[in-house]
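# Working through the structure, step by step
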Amino acid sequence: MVIYENHFFEIIKEDRKVYIHTRKPGFMLKDFETILRQHPRIRLTNFALLKKELNEVTDKSIEIGIWLPSIMIEISRDKMSASLFVYETVEYIKENVQSIQNRVQILLAENNITHGILNVNLESIVTSKATLIAQGTPPVQGNDAQITYLELPERKPVIREDGKADYYDMNFIYEIEEGAWLGEKIHAQPGTPGINIFGESIPAPFGRDLQLKYDRKSAYEVEEVGKTVLRSKISGVVEEHEGMVSVNHHLPIVGDVGIETGNIEFNGSVSIKGTVQPGFSVIANGDISIEGPEGVSGAKLIKSLYGDIFIRGGIFGLCETLVEAAGDIFVKHVNDAHLVAGQNLNIGFYSLGSNLSAHSILVDERKGKIIGGTAIAKSTIVTACTGNRLERPTELIINSINKAQSLEVIQYKASLLKSMQEDMVQLESQIDRILPVIHTLTQRQLAALEITKQKLASTKETAQNLDREIKQLMNDLRKVSKAEIHVTKEAYPGTYIQIGKKSTVLTSITNGRFLIENGELNV
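Residues numbered from 1 in each chain as written. Predicted model: local features only at pLDDT ≥ 70, side-chain atom pairs only at ≥ 80, totals over all residues. Heavy atoms only, no water.

Sheet architecture is open: five strands sit in the order 1-2-3-5-4, paired in antiparallel fashion. Whereas interior strands pair on both sides, the edge strands pair on one side only; in this sheet they are strand 1 (2-5) and strand 4 (42-44). With strand direction ignored, the average angle separating the axes of adjacent strands in the sheet is 30°. For strand 2 (residues 9-14) and strand 3 (residues 17-22), the ladder comprises six bridges, and the chain directions are antiparallel. Each bridged residue has a counterpart across the sheet, and for Glu10 the counterpart in strand 3 is His21. The strands touched by helix 1 (residues 29-38) within the sheet are strand 1, strand 2, strand 3, strand 4 and strand 5 (62-67), with strand 2 carrying the most contacts at an inclination of about 35°. (Pairing = 2+ DSSP bridges. Helix = DSSP H or I, 4+ residues; strand = E, 2+ residues; numbered from the N terminus. Axes fitted to C-alpha atoms, helices over the stretch in contact; angles between N-to-C directions. Contact = heavy atoms within 4.5 Å.)

The following block contains the structure:
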């Protein structure tokens, strides 16, 4: 069947294939586009061959394309949509709207499309372009699990002044009883099923599940009325570190730590209503709270291995006192002491002749003072004043974190941790194989088993410490910001300022934000 012909060629359709028979060479290829627009059912499949045939006379017909159906429906792979294609001219479509509409209904039925059929204005259809004719209803994912934890009071000191006395207060120790509510999880919910264009149901995914994060030694999960509730295994102090809830054993001391109590070393949190007397020490795994308004004078060591330290009064160190915390330290004022905080060191009023070290050192920006001694931070130092009118030497130093070196250390420690975890799996496997026949072991074999258990326990403890170190390093990296020393009111002459490798000694009173700009210290 001849579709089109002129003096140069004729186009023929046979069995859905399109052929060209050239009679005379020289027809311009660009003019062939006009013919295609007049016959949108022709789809070229061999453009290069067409170009060649237009310039050569042949005695046979050459295949150049396919003959498309007048109307067709294309179904997406996911069966969620169908598109209508009309391969007719605009004029033809406008003149045959009803017949095309009838044909569309027949095609929908032939393809078993029953759901989500759309009303299409056929007169607005663009020839050969896809028009959405059916759209399935997608499934709706269920609600994600919802987790709520016990809301702990913010650990932020409150400084109040009434003209006679200063108060340095904060909510530090939060005690609970065994079985107390620590949090809960409302389970992920089922979603709403969808329907594809064939009317078939599509399962809906459940919402995303979330895990309660807690210390399994001190808390447990229990199912209660369609939700998972987190409760405390023990009476103690609630703590939260890096998003994980735990309950520490609590040692309350009504009076002072001194001759009557001896030095304190406790696997948990310690709250002291009085003070720590000269020469005595307090070491705890958890938080330490010293609530006596007179503060601490001449104590030897106050150390929290994994928590924070709060001292309501000041510290009179007498060049003897060391206060060290893995987390934050909160203290009213510091005289002649050494303070080391893994995170933030918060001082309410002043530091006098003391050595301070922390990720950030934050002295009250309204009236706080650092006079004498050395303050070394990884990120930020904030104070109202530094030094004094007598030009007492005072050092403010930022030793910022080297990201590249920190990443190398993290990678090295991570490889060590992985090796330890593999060792633990092997040790646990050895123990599991022996336990079923433990009653048949000799004394020597029992002794070897005990050594294996001890080795496993030791490896676990080392691995936990290493994991904690890695998390701390990663946390430090996340908190890295532009190193800055901020003196809001007066930085006196004699103040030494160092950020990284750049340093200077102030020779006049100034204030502001000191940082590295264009490679230099902006003092």
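A few words on the side chain of Thr275. With respect to the secondary-structure elements, Thr275 resides in the loop between strand 22 (269-272) and strand 23 (281-284). What makes Thr275 buried here is its relative accessible area of 9%. Of note is the side chain of Thr275, whose polar atom sits 2.5 Å from the backbone oxygen of Gly295. Those residues within four positions of Thr275 in sequence are excluded, and the remaining contacts are Gly255, Asp256, Val257, Ile290, Glu294, Gly295 and Val296. (Buried < 20%, exposed > 50% of the residue type's maximum accessible area, 1.4 Å probe, protein only. Polar contact = N/O pair within 3.5 Å; in protein donor to acceptor, adjacent residues only side chain to side chain.)

Strand order in this open sheet of three strands is 6-7-8, and the pairing throughout is antiparallel. The open sheet terminates on both sides in strands that have one partner only, identified here as strand 6 (71-75) and strand 8 (131-135). Strand-to-strand twist of the sheet, defined as the mean angle between neighbouring strand axes without regard to direction, takes the value 25°. When strand 6 meets strand 7 (residues 81-86), the two strands line up antiparallel, connected through five bridges. Note that in strand 7 the partner of Ile75 across the bridge is Ala82. Here helix 4 (residues 97-110) sits on the sheet in contact with strand 6, strand 7 and strand 8, set at roughly 35° to strand 6.

Here we come to helix 4. Between its terminal C-alpha atoms helix 4 stretches 20 Å, which fits the 20 Å expected from 14 residues at 1.5 Å a residue. The set of residues buried in helix 4 consists of Ile100, Val104, Leu107 and Leu108. The buried residues of helix 4 occupy an angular sector of 100° when projected down its axis, which confines them to one face. Facing away from the buried surface of helix 4 by more than 90 degrees, the exposed residues are Gln98, Ala109 and Glu110. Against strand 6, strand 7, helix 3 (90-95) and strand 8 lie the buried residues of helix 4. Looking one or two places after helix 4, you find Asn112, whose phi comes out positive at around 60°. (Expected span 1.5 Å × (residues − 1). Arc of directions from axis to C-beta.)

Looking now at the pairing of strand 16 (residues 219-224). As paired strands, strand 16 and strand 17 (residues 227-232) are joined by six bridges and run antiparallel to one another. Directly across from Tyr220, in strand 17, lies its bridge partner Arg231. Here strand 16 hands over to strand 17 after two residues, with Val225 in that stretch at a positive phi of 50°.

A few words now on the side chain of Thr495. Along the chain, Thr495 turns up in strand 36 (residues 495-499). The exposure class assigned to Thr495 is buried, which follows from its relative accessible area of 0%. Among the polar contacts made by the side chain of Thr495, one reaches the main-chain carbonyl oxygen of Tyr492 at a distance of 2.8 Å. What Thr495 contacts, discounting residues up to four positions off in sequence, is Thr386, Gly387, Thr394, Leu396, Thr504, Val505 and Leu506.

Moving on to the nonpolar core. With 46 residues, the main nonpolar core has Val276, Ile302 and Leu339 as its most contacted residues. For this core, the leading source of residues is strand 32 (residues 344-363), giving six residues. Excluding its chain neighbours within four sequence positions, the residues that come into contact with Ile302 are Val276, Val282, Ile288, Ile290, Val296, Ile309, Ile311, Leu322, Val323 and Glu324. Core analysis: the next-biggest nonpolar cluster, separate from the first, contains 16 residues, Val86, Ile100, Leu108 and Ile113 among them. (Core = buried A, V, L, I, M, F, W, Y, C linked by side-chain atoms within 4.5 Å.)

Given a rise of 1.5 Å per residue, 32 residues ought to cover 46 Å, and the 46 Å separating the end C-alpha atoms of helix 5 (residues 403-434) matches this to within 8%. Among the residues making up helix 5, those that are buried are Ser406, Ile410, Lys413, Leu417, Met420, Met424, Leu427 and Ile431.

Further remarks concern unusual backbone geometry. The residue Asn112 is not glycine, and still its phi comes out positive at about 60°. A positive phi angle, near 60°, is found at Glu391, a position not held by glycine. Tracing the chain through its elements places Glu391 in the loop between strand 33 (369-386) and strand 34 (394-398).

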